[in-house]
Amino acid sequence: MSGTLTIDDQTIPFSDGQTIIEAARTAGVYIPHLCHRPGYTPHGSCKLCTVKVNGRTCSACTFPAAEGQKVVNNSEELQEARLRITQMLFVEGNHFCPTCEKSGNCELQAVGYHLNMLDNHFPHFYAHRKVDASHPDILIDHNRCIFCNLCVRASRESDGKDVFGIAGRGIHKRLIVNSPTGQLKDSNISVEDCAVQVCPTGAILVKRTGYKTPIGGRIYDQHPISTIACKKRETDAT
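Residues numbered from 1 in each chain as written. Predicted model: local features only at pLDDT ≥ 70, side-chain atom pairs only at ≥ 80, totals over all residues. Heavy atoms only, no water.

Draft legend 1. Structural detail: the sheet that holds strand 1 (residues 3-7). The 5 strands lie next to each other as 2-1-5-3-4, forming an open sheet whose pairing is mixed. Both edges of this open sheet fall to strand 2 (10-14) and strand 4 (56-59), since each of them pairs with a single strand only. Taking the axes of each pair of neighbouring strands and ignoring which way they run, one obtains an average angle of 35° across the sheet. Of the pairings in the sheet, the one linking strand 1 to strand 2 comprises 5 bridges and is antiparallel in character. Within strand 2, the residue paired with G3 across the bridge is F14. Relative to strand 3 (residues 50-53), helix 2 (residues 76-92) is tilted by about 155°, and along the sheet it contacts strand 3 and strand 5 (70-72). (Pairing = 2+ DSSP bridges. Helix = DSSP H or I, 4+ residues; strand = E, 2+ residues; numbered from the N terminus. Axes fitted to C-alpha atoms, helices over the stretch in contact; angles between N-to-C directions. Contact = heavy atoms within 4.5 Å.)

Here it is as structure tokens:
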């Protein structure tokens, strides 16, 4: 089955099985998101892709595209909500862009730019979470994890492993490593794994690579996330 829907009055074709965000992406229409990645099971956790579908509030990454849907994506109300969500993500962790080696390659930072985020709005938590530098090639800075679940899905769906999981709820939620000691060095992760490459922030990093590309020459220094996100393919997940 296929058909058309409209997003902000623009007619968009969709194919059988596509969600709204995938139909939009294929047509070059950007819907902000952080927990979505083409080819991975939709998760619907970051809520940045919230849209109005025939007047109903939905997550575009999980809601199936259907004939005749009228989708509102770029309204003042939705953009304001996305800005507040992004600001909350910034203050909940330690996202200090000027000193972060992910700066310029960070999707959270790029979404902030897209939404014209000029301040944090909320008081900063200044979280004190552990850094796992036990692995010889990979580092986890838990202060930068936004619990998007992408590394969990990538490890299971692309790498055929089960290195990561999410434990706890609310403010006690945390990324865990499924190893006997809970440390990355005792897991079966490798630097080539998709789970290492998929992190949208600087929470999971490959050691000794942080500054190979100078700041100013990185992906979101050169292109807005609205352009890059629409170029991502389903094969990006493999």
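Draft legend 2. A look at the layout of surface pockets. Its boundaries defined by the atoms lining it, the largest pocket holds a volume of some 550 Å³. Taken together, 25 residues form the lining of the largest pocket, with K102, N105, Q197, C199 and L205 sitting closest to its centre. Only helix 5 (194-197), strand 10 (204-206) and helix 6 (219-222) provide two or more residues apiece to the lining of the largest pocket. For the lining of the largest pocket, the element with the most residues is strand 10, which contributes 3 residues. Its residues placed into classes, the lining of the largest pocket shows 11 nonpolar, 5 polar and 9 charged. (1 Å grid on protein atoms, 1.4 Å probe; cavity = no way out; pocket = protein on both sides within 12 Å on 5 of 7 lines; lining within 4 Å. Points joined across faces, edges and corners; volume = space filled by probe spheres on them. Nonpolar A, V, L, I, M, F, W, Y, C, P; charged D, E, K, R; others polar.)

Draft legend 3. Geometry of the packing of aromatic side chains. Under the criterion given, the structure shown has 1 aromatic pair. Pairing F96 with Y126 gives two aromatic rings, centres 6.3 Å apart and planes at 25°, and the pair type is stacked. Residue F96 is located in the loop between helix 2 and helix 3 (107-114), and its partner Y126 is located in the loop between helix 3 and strand 6 (131-132); the two are separated by 30 residues in the primary sequence. With a relative accessible area of 52%, Y126 lands in the exposed category. (Phe/Tyr/Trp six-rings, centres within 6.5 Å; stacked < 30°, edge-to-face > 60°. Buried < 20%, exposed > 50% of the residue type's maximum accessible area, 1.4 Å probe, protein only.)

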